[in-house]
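Read off the chains here:
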Amino acid sequence: MAEPSRSGADNGAEVVAERDAAIPARLQASSPLVYPAAAREAEIETDLPLEIIVDTEGHVVAARALQPAGYGLEEEATRAIRGYRFSTATRDGRPVRVRMRRARAWSLITS
């Protein structure tokens, strides 16, 4: 799943689990989530867990849904989360790439 950073600045940077970072990556900015028309029409509401890798510059460089949801929900959630920006995670005083889990809630009430 790991992909190189867009800038290439962290080639060779270690990828650590979120729990192993001394200073965790924190969400700084998010991007809008668009409720897919097919899911809205079918009245689908779900929590969709995602696994992401955040590079040493705070960009999401990889994202995947951890369970199927259908109706375009996985595609939209991964598209939106790739636009998120995080603070840099560190371990042993060095910036690291970090593997994290996040959930996107799809609700007709809030979308």
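As shown above, the structure is provided for reference.
These numbers were taken from a predicted model, which means no experiment stands behind them.

Novice: Help me understand the overall build of the chain, please; the structure alone is not making it clear to me.
Specialist: The number of helices and strands found in the chain is 2 helices and 7 strands. Secondary structure of the chain in N-to-C order comes out as β-β-α-β-β-α-β-β-β. Of all 111 residues assigned to the chain, the portion counted as buried reaches 36%. The long-range fraction of contacts in the chain, counting pairs at least 24 apart against all pairs at least 6 apart in sequence, stands at 78%. When the accessible surface of the chain is summed, it comes to about 6,100 Å², and 48% of that surface belongs to carbon and sulfur atoms.

Novice: Can you walk me through the pairing of strand β3 (residues 46-54) in this structure?
Specialist: Every other side chain in a regular strand lies on the same face of the sheet, so the side chains alternate between the two faces. Relative to strand β4 (residues 60-65), β3 is paired through 5 bridges, and the arrangement is antiparallel. Across the sheet, Glu51 pairs through a bridge with Arg64, a residue of β4. Counting the residues that bridge the hairpin from β3 to β4 gives 5 residues, and of these Gly58 lies at a positive phi of roughly 90°.

Scoring rules and cut-offs
- For every chain, the first residue of the written sequence is number 1, and numbering continues from 1 along that sequence.
- Confidence filtering applies because this is a predicted model: local features only for residues at pLDDT of at least 70, side-chain atom pairs given and counted only at 80 or more, and all residues used for totals across whole chains, interfaces and linings.
- Think of the side-chain values as coming from all heavy atoms in the structure, minus any hydrogens and water.
- The way it works is that DSSP assigns letters per residue, a run of H or I at least four long becomes a helix, a run of E at least two long becomes a strand, and they are numbered from the N terminus.
- Note on classification: 1.4 Å probe, protein chains only; a residue is buried when its accessible area is under 20% of the maximum for its type, exposed when over 50%, partly exposed between these limits.
- Any pair of residues with heavy atoms lying within 4.5 Å of one another is described as a contacting pair.
- Surface accessibility in these figures is a Shrake-Rupley result with a 1.4 Å probe; residues are shielded only by whichever protein chains are displayed.
- Strand pairing is defined by DSSP finding a minimum of two bridges between the two strands.

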